[in-house]
Amino acid sequence: MRKKFYFPVLFTFLAFISLLPSSLRAGEASSKNVILSTTTSTQDSGLLDVLVPLFEKKTGYKVKPVSVGTGKALELAAKGEADVALVHAPSLEKKYVADGKLLNRRLVMYNDFIIIGPSADPANIKSTKSSVEAMKRIAASASRFVSRGDNSGTHNLEKSLWESAGVRPKGEWYIESGQGMGATLGIANDRNAYTVSDRATYLAFRKRVTLAVLLEGDKPLLNIYSVMEINPANGPRVNVVGGKAFADFMVSPDAQAAIKTFGVEKFGRPLFVPVAGQREENLG
Amino acid sequence: MEIIWEGVKHAGWLLLAGDAEVLGITLFSLQVSGVATGVSLIVGIPLGMLLAMKRFPGRSFVISLINTGMGLPPVVVGLFVTIFLWRSGPFGFMELLYTPTAMIIAQVVIAFPIVAGLTMAAFQVLNPNLRLQLLGIGASTPQLLWLLCKEARLPLLAAIMAGFGGVISEVGASMMVGGNIRGQTRVLTTATVLETGKGNFEIAIALGLILLAVTFFVNLLLTHIQQREQLRWPKPS
């Protein structure tokens, strides 16, 4: 009578162990694995779920996308812990390229950042078209502002806006969330504060956020994504060939076509504009 | 509040429709945490027994370490395992980062102190005379250990449940060492974080409910085994 009850437990456990090797195999055959160091927005928007299978089918590589803030994504790449990087912080990227840590920076796509805030607009930023002027007004009126504060691509853009505005944001009105864009939007909404968001995440959260888009279309608000390869000197075991294959794929006509239509189904408009081969100065 | 109801409906729908991805993630979570719990038992139970029954120099130091380990923050474990498994780290040559194996390693580090600590407590409350009695009637060492284990089976099953509960529900370590890669290392907890980040709260709630249901059924099974023994006690009259 007694054994009968232990048996299913033992059986289930053995079944797990016997199943496991098949899923472990994914970790082997290293040259077939490409670690993609990327930002949360490519994952959260669902773009990777479209592009990665396309690439895997075409080349036979297995991609391991690691989605972290752009700052960390670049750092992982510079340490040789990834094989290719897809991120969105042009000024930061250029530093890594200048240092020789990352190679062959190529534009992939862009969308835009927007400044959102309470529709009452206490800092009166709606009347200006300049994002830098808007930041000045927010600081001058000490209107609540929620910053990502996590060295992500969005946070870097925000910092460069403050810098251009000649403002060092500090004080009770300046809230640092230290979290992803979704959580930050939630906090901004709750506190009725201003914040800078990428458009894709804002669209995904539109139903739950009552904040209004107050400023858009200004050139500094361009959100440019680039792909970069890793200098093999950064660390042991960088899959240079696989990384280059993914980078090449991102600027290929196939990937660019997929980017062009991505998001239309869900949001009624594309989330990204493919720009492979174009020059940064000519965007917007 | 309505969103929770939406989540419940969504969970029912995902399960009824047999959504292949959700089913895969659920099975994979059970697999990883099941194996991790199994390994923790193999390491933790002997260690706990040793600490309960043997006296040796540094014993209280080891016990303090184990007791601290029972409350290890998963994200700290994740950080250290990541650094060890990095390509530039000491075990980089094994290329284990972002694989299920890496997740199992991290979960074992989280679960085995829990198992060892609770095992130790279970054996320390056994009557010390029992051991002498068993030895007196001529039990060999393996027989002795087996009989003691049987005697302590109730708290031992509690140790298994605590260990499993600790790892199936953790997210920090799995996220860091696994990378939440679709079809490779995505488990219920990391998928919940992802869907929350995407703003898909209904799916996030649904995944959370599935996780709760799965944990509940595993514990139901273990509790069943544990409490069945209790029936043998005479009812108070």
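This is a predicted model, so every value here is computed, not measured.

Chemist: So what's going on with the overall build of chain A? Which residues, and what values?
Modeler: Helices and strands together make up the secondary structure of chain A, namely 12 helices and 10 strands. Within the span of chain A, comprising 284 residues, buried residues form 47% of the whole. Long-range contacts, defined here as pairs at least 24 residues apart, represent 75% of the contacts in chain A between residues at least 6 apart.

Chemist: Lay out the environment of methionine 161 of chain B with the relevant residues and their values.
Modeler: Residues and elements named next belong to chain B. Tracing the chain through its elements places methionine 161 in helix H8 (residues 153-168). A sequence separation of 135 residues divides methionine 161 from threonine 26, and the C-alpha atoms of the two residues are 18 Å apart. What methionine 161 contacts, discounting residues up to four positions off in sequence, is Asn219 and Leu222.

Chemist: A description of the domain arrangement of chain A should follow, citing residues and the corresponding values.
Modeler: Residues and elements named next belong to chain A. Assigned domains within chain A: domain 1 (31-111 + 222-282) and domain 2 (112-221). The C-alpha-based centres of domain 1 and domain 2 are spaced at 26 Å. Between domain 1 and domain 2, the contact holds 18 residues from the first and 18 residues from the second. Elements represented by at least two residues in the side of domain 1 that touches domain 2 include exactly helix H2 (40-44), helix H4 (70-78), helix H5 (90-98) and strand S9 (222-230). At three residues, the largest contribution of residues to the side of domain 1 that touches domain 2 is made by H2. Of the residues in the side of domain 1 that touches domain 2, the class split is six nonpolar, 11 polar and one charged.

Chemist: Any chance you could break down unusual backbone geometry for me, citing the residues and the numbers?
Modeler: Residues apart from glycine generally show negative phi values, whereas peptide bonds are mostly found in trans. All names here are of chain A. Of note, the phi angle at asparagine 124 is positive, near 55°, even though the residue is not glycine. Of note, asparagine 124 is situated in the loop between strand S4 (102-117) and helix H6 (131-140). The residue asparagine 151 is not glycine, and still its phi comes out positive at about 60°. With respect to the helices and strands, the residue asparagine 151 is situated in the loop between strand S5 (145-147) and helix H7 (153-165).

Chemist: Help me get a handle on the nonpolar core, residues and values and all.
Modeler: One broad rule of soluble globular proteins: the nonpolar side chains tend to lie buried together. Counting 139 residues, the largest nonpolar core has Val84 and Ala85 of chain A together with Ala102 and Ala106 of chain B as the members making the most contacts within it. Per element, the largest residue contribution to this core is 17 residues, and it comes from helix H5 (residues 100-124) of chain B. Structurally, this core is a two-domain feature, drawing no fewer than three residues from each of domain 1 (31-111 + 222-282) and domain 2 (112-221) of chain A. When near neighbours in sequence (up to four residues on either side) are disregarded, valine 84 of chain A contacts Val34, Leu36, Val227, Glu229, Ile230, Gly243, Phe246 and Ala247 of chain A.

Reading the values: rules and limits
- Residues numbered from 1 in each chain as written.
- Chains lettered and ligands numbered in written order.
- Predicted model: local features only at pLDDT ≥ 70, side-chain atom pairs only at ≥ 80, totals over all residues.
- Helix = DSSP H or I, 4+ residues; strand = E, 2+ residues; numbered from the N terminus.
- Buried ≥ 20, exposed ≤ 12 C-beta atoms within 10 Å, placed from the backbone.
- Contact = placed C-beta atoms within 7 Å.
- Domains from an automatic or database assignment.
- Nonpolar A, V, L, I, M, F, W, Y, C, P; charged D, E, K, R; others polar.
- Core = buried A, V, L, I, M, F, W, Y, C linked by C-beta atoms within 7 Å.

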